[in-house]
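# Reading the structure
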Amino acid sequence: MNYFRQLVIAVLHPGNGSGSALDRTNGIAVFLFAILPGLSPNFNSFILLGSMVSGLYCLARARFPLNLSKSDRVVAICMTIYPVVMIVSIFVNPPFSEELDWIFRLLPFFSIWLILPRMRQSPDGRLMPLFILGAGLGMIVTFLFSLLQVLFLMPRAEAGTSNAALLGVIGVLFGGVALLNIQSPKSMEQKIAILGYAAGLGCALLSGTRSAWLVIPVQLVIFLWYFPKNRFHVSLRSLAITGSVLLLALLALGSDQVVYRVRELQDNLSSLESTNGDITSLSARVALYKGALSAITKDPLTGYGPQNRMAAVLAEVPESLRQQLPYSHVHNGFLTAGIDAGLFGIAALSLLLLTPVIGAWKKEPGPGRDLAIALALLLTSSYIITGSFGIMFNQKALDPIFAYMVALICADRGSTRYAPVVRS
């Protein structure tokens, strides 16, 4: 309990000598942002919006300068291209409906211009450890919530997200982020890192999100690149023992869900060859993919606008299937961008997905650059893999998470050395 008492002091009363109210609120916002995604994603949207409004107010009052480097501007421009392309596609593709609602959904991608200068009011190296530690704590609590759901309420865990697929994405991403804290010299933070990673994988397993499971081997490659470059404060023997025990526990807890989802996939694959007209999750997605590709080939330049997305796709689906497709999105982020804004939309989306890597790569060499690259690769790979089979953007939780993490990746210099949250 002494550690957590010190943690509260470190978050609320940072001992970095700045004494800045902005630094303190930055720390609280980043810490909460990392904890909350699996518990209540709406709060992430509120934190991002609040940070944007505060950043705009402070810039307008000249409380701090814009303070964006050349590389920051490259990242910010690349992020801005995506919402601009989507907004243009809304107004060049009638009929119009809910234009303001669609534009409001795109606001997170403009946020880096406002929240990055605000993050720069905190000393280098303060916010990133808070985010990584918060990710571990948040995943542990989210996993316990998910486990109770599976045991007593529902077949697939959702935690506080109201969407099993969303929990899978958040679990695998924030679990991977949590493991980065294994480099901390604090034994408690090492334990939170290992437990947080296991909890994140547990959330992905209990959610039954198969696309999230595909992210796990890619994350292992990222860890194999990152960890040998940095000093460990935990013995490999204890890490191997702890990891093995947690792996066995996860397999025991999630085995039923994994077996069920694998068998369901096998059944769906078999049903593709059937001619009885039954619609399964897989056959519905195949029909949506074919409809999306057909629609894109008919209007490859401007697309149809996000407001006409599903109408354009369903128009290309055989009439016998149209009424049996209950989905509100195409289950592929790249096809969705193509429907919304044609080839320009796909190009803008691809550039958006590269912004975390661009922001990290352009830092000067150093331990801060290595950490930023690892975080960027975890973020980009999670969105590309899961978004190729399900949701990617245009979602109230995933858009703010991506935008906020890109700003966080850019905030520190490449030479910044990692330091634990609790330093005493």
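An account of the accompanying structure is given in this report. All values derive from a computational prediction rather than experimental measurement. (Residues numbered from 1 in each chain as written. Predicted model: local features only at pLDDT ≥ 70, side-chain atom pairs only at ≥ 80, totals over all residues. Heavy atoms only, no water.)

As a further point, take the packing of helix α2 (residues 21-35) against helix α7 (residues 127-152). It is at 7 Å that the axes of α2 and α7 come closest, and there the two elements cross at 30°. Handedness of the α2/α7 crossing: right-handed. Taking contact as the criterion, the partners of N26, G27, V30, F31, F33, A34 and I35 in α2 are, on α7, L127, L130, F131, L133, G134, A135, L137 and G138. Classifying every residue of the contact of α2 with α7 by side-chain character gives eleven nonpolar, four polar and no charged. (Axes fitted to C-alpha atoms, helices over the stretch in contact; angles between N-to-C directions. Helix = DSSP H or I, 4+ residues; strand = E, 2+ residues; numbered from the N terminus. Left-handed = near helix turned anticlockwise from the far one by under 90°. Contact = heavy atoms within 4.5 Å. Nonpolar A, V, L, I, M, F, W, Y, C, P; charged D, E, K, R; others polar.)

So, about the layout of surface pockets. Taken as a whole, the largest pocket encloses approximately 900 Å³ of empty space. Looking at the largest pocket, it is lined by 42 residues, and the ones nearest its centre are H329, H331, F389, G390 and I391. Listed by contribution, the elements that provide at least two residues to the lining of the largest pocket are α5 (99-105), α8 (164-179), α10 (210-213), α12 (236-271), α13 (281-298), α14 (309-314) and α16 (333-361). Considering each element in turn, the lining of the largest pocket owes the most residues, five residues, to α16. Along the lines of polarity and charge, the residues of the lining of the largest pocket split into 18 nonpolar, 16 polar and eight charged. (1 Å grid on protein atoms, 1.4 Å probe; cavity = no way out; pocket = protein on both sides within 12 Å on 5 of 7 lines; lining within 4 Å. Points joined across faces, edges and corners; volume = space filled by probe spheres on them.)

Tallied over the entire structure, the rule returns six salt bridges. The partner of R105 in a salt bridge is D101, and the shortest N-O contact between them spans 3.0 Å. Of this pair, R105 and D101 both sit in helix α5, separated by four residues, roughly a single helical turn. (Salt bridge = Lys/Arg side-chain N within 4 Å of Asp/Glu carboxyl O.)

Right, let's get into empty space enclosed by the protein. By the definition in use, this model includes three cavities of 30 Å³ or more. If you add up the space inside the largest cavity, you get close to 80 Å³. Every residue along the wall of the largest cavity is listed here: G125, M128, P129, G368, L371, A372, D412, T416, R417 and Y418. If you list the elements that add at least two residues to the lining of the largest cavity, you get α7 and α17 (367-387).

Attention now goes to the packing of aromatic side chains. All told, the structure shown has 14 aromatic pairs when counted by the stated rule. Residues Y82 and F393 carry aromatic rings whose centres are separated by 6.1 Å and whose planes lie at 50° to one another, so their mutual orientation is tilted. In this pair, Y82 is assigned in helix α4 (residues 70-91) and F393 in the loop between α17 and α18 (398-411), connecting sequence segments 311 residues apart. The class of Y82 is buried, set by a relative accessible area of 2%. Relative accessible area serves as the criterion here: at 8%, F393 is assigned to the buried category. Judged by centre distance (5.7 Å) and plane angle (85°), the ring pair of Y197 and F223 falls under edge-to-face. With Y197 in helix α9 (residues 187-207) and F223 in helix α11 (residues 215-226), the pair connects residues that are 26 residues apart, well separated along the chain. With relative accessibility at 12%, the residue Y197 sits in the buried group. Members of the aromatic cluster, joined through ring pairs, are Y82, F109, Y383, F393 and F402. (Phe/Tyr/Trp six-rings, centres within 6.5 Å; stacked < 30°, edge-to-face > 60°. Buried < 20%, exposed > 50% of the residue type's maximum accessible area, 1.4 Å probe, protein only.)

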